[in-house]
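The chain contents come next:
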Amino acid sequence: MQPQLGLRIALFGPPGAGKGTQARLLCTRFGMLHISTGNILRRAIKEQTPIGLEARAYIHQGNLVPDELVRDLAEEAMRVSAFEDFVLDGYPRTCQQAEWLTGFLNRRERPLSAIVYLMLSDEEVVTRLSRRRVHKETGENFHLDYKPPPPEIQHLMLQRRDDQPAAIRHRLRVYEAETQPLVRYFSKAGLLHEVDALGSIETVHARVCALLQSLKGRLN
């Protein structure tokens, strides 16, 4: 039986910091629900659910999916977990989303436990992402250093266009501009906890787990 933490957390950090990887590891280790609004949205579009159809219409018109639709997806996923043991990955992205999330959970007396901020320097982000490769048929991510693809599928590996160094630096500038207000918001709320994301997947995971165990002890 998987140990339960009784925590509600969100993973935060720059592109390439390993948010998705760490979220999946936490789900395996602690039975937490991985809530990736991006994955949920893509699945809703593929399955042609009412929200998926509405979202697809915005995307086909070249518009961003409205906050309200993304919020509805996040809300439903948190309800499935009974507001316990979930890890948000990719949400919130704006102060407006953060304000809604904290208010939504506070009203249910299940406040957000922590924002786990995976810290990584710009240069390390560029190095890490520029060595990422994607399986062109399955979409699975590999990394030439941390998760090298098996030799028999090397010919199926692609480098995404936005994983080129110049594109990565542009993404980082956008990230900094969009997320600094969010960092200040969660810092002021006392929810932001920094974790060094430099190192192997296992090393970073050990740091995240140590933080969560510490939080569990303080919150219980």
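The structure we're discussing is the one just above.
What you see is a predicted model; the values in this text were computed from it and never measured. (Residues numbered from 1 in each chain as written. Predicted model: local features only at pLDDT ≥ 70, side-chain atom pairs only at ≥ 80, totals over all residues. Heavy atoms only, no water.)

1. A look at the overall build of the chain
Helices and strands together make up the secondary structure of the chain, namely 8 helices and 8 strands. Whereas a compact globule of 220 residues would reach a radius of gyration of roughly 17 Å, the chain reaches 18 Å, a difference of no more than 12%. Its C-alpha atoms give the chain principal-axis dimensions of about 50 × 40 × 40 Å. Scored against the burial criterion, the 220 residues of the chain give a buried share of 45%. Taking as baseline every contact in the chain between residues at least 6 positions apart, the subset at least 24 positions apart corresponds to 69%. (Helix = DSSP H or I, 4+ residues; strand = E, 2+ residues; numbered from the N terminus. Rg over C-alpha atoms; globule rule 2.2 N^0.38 Å. Buried < 20%, exposed > 50% of the residue type's maximum accessible area, 1.4 Å probe, protein only. Contact = heavy atoms within 4.5 Å.)

2. Digging into unusual backbone geometry
For the bond running from Tyr91 to Pro92, omega is 5°, close enough to zero to count as cis. With phi around 55°, Glu109 is a residue other than glycine that occupies positive phi space. With respect to the helices, strands and loops of the structure, Glu109 is situated in the loop between helix H5 (95–107) and strand E4 (114–119). Since its relative accessible area comes to 65%, Glu109 is described here as exposed.

3. Examining the nonpolar core
Grouped together as the largest cluster of nonpolar side chains are 32 residues, with contacts concentrated most on Met78, Leu105, Ile115 and Phe186. With 6 residues, helix H4 (residues 67–80) is the largest single contributor of residues to this core. Setting aside residues up to four positions removed in sequence, Phe186 forms contacts with Pro92, Ala98, Thr102, Leu112, Ile115, Leu191 and Leu192. Of all hydrophobic cores here, the second largest spans 28 residues; its members include Leu7, Cys27, Ile168 and Leu211. (Core = buried A, V, L, I, M, F, W, Y, C linked by side-chain atoms within 4.5 Å.)

4. Describing the pattern of salt bridges
In the structure shown here, the tally under the stated rule is 12 salt bridges. With its nearest N and O atoms 3.0 Å apart, the salt bridge here joins Asp163 to Arg132. Pair noted here: Asp163 is in the loop between strand E7 (157–158) and helix H7 (165–188) and Arg132 is in strand E5 (residues 132–135), with a separation of 31 residues, a long-range link. Both residues of the pair, Asp163 and Arg132, count as buried. What emerges from the salt-bridge pattern is a single network uniting Arg132, Arg160, Asp162, Asp163 and Arg171. (Salt bridge = Lys/Arg side-chain N within 4 Å of Asp/Glu carboxyl O.)

5. Quick notes on helix H6 (residues 122–130)
When we look at burial in H6, the residues that qualify are Glu124, Val125, Val126, Arg128, Leu129 and Ser130. Of the surrounding secondary structure, the elements contacted by the buried residues of H6 are E5, strand E6 (141–143) and H7.

6. Things to note about the sheet that holds strand E8 (residues 192–196)
Strand order in the open sheet formed by 5 strands is E2-E3-E1-E4-E8, with parallel pairing between adjacent strands. Strands with a single pairing partner mark the edges of an open sheet, and in this sheet they are strand E2 (33–36) and E8. Taking each pair of neighbouring strands and ignoring which way they run, the sheet shows an average axis angle of 25°. One ladder, built from 4 bridges, connects strand E1 (residues 8–12) with strand E3 (residues 86–89); its direction is parallel. Bridging from a neighbouring strand, Ile9 pairs with Val87 of E3. In the packing of helix H1 (residues 19–30) onto the sheet, contacts are made with E1, E2, E3 and E4, and the angle to E3 comes to roughly 165°. Its contacts with the sheet put H7 on E1, E4 and E8, and the angle it makes with E1 is roughly 150°. (Pairing = 2+ DSSP bridges. Axes fitted to C-alpha atoms, helices over the stretch in contact; angles between N-to-C directions.)

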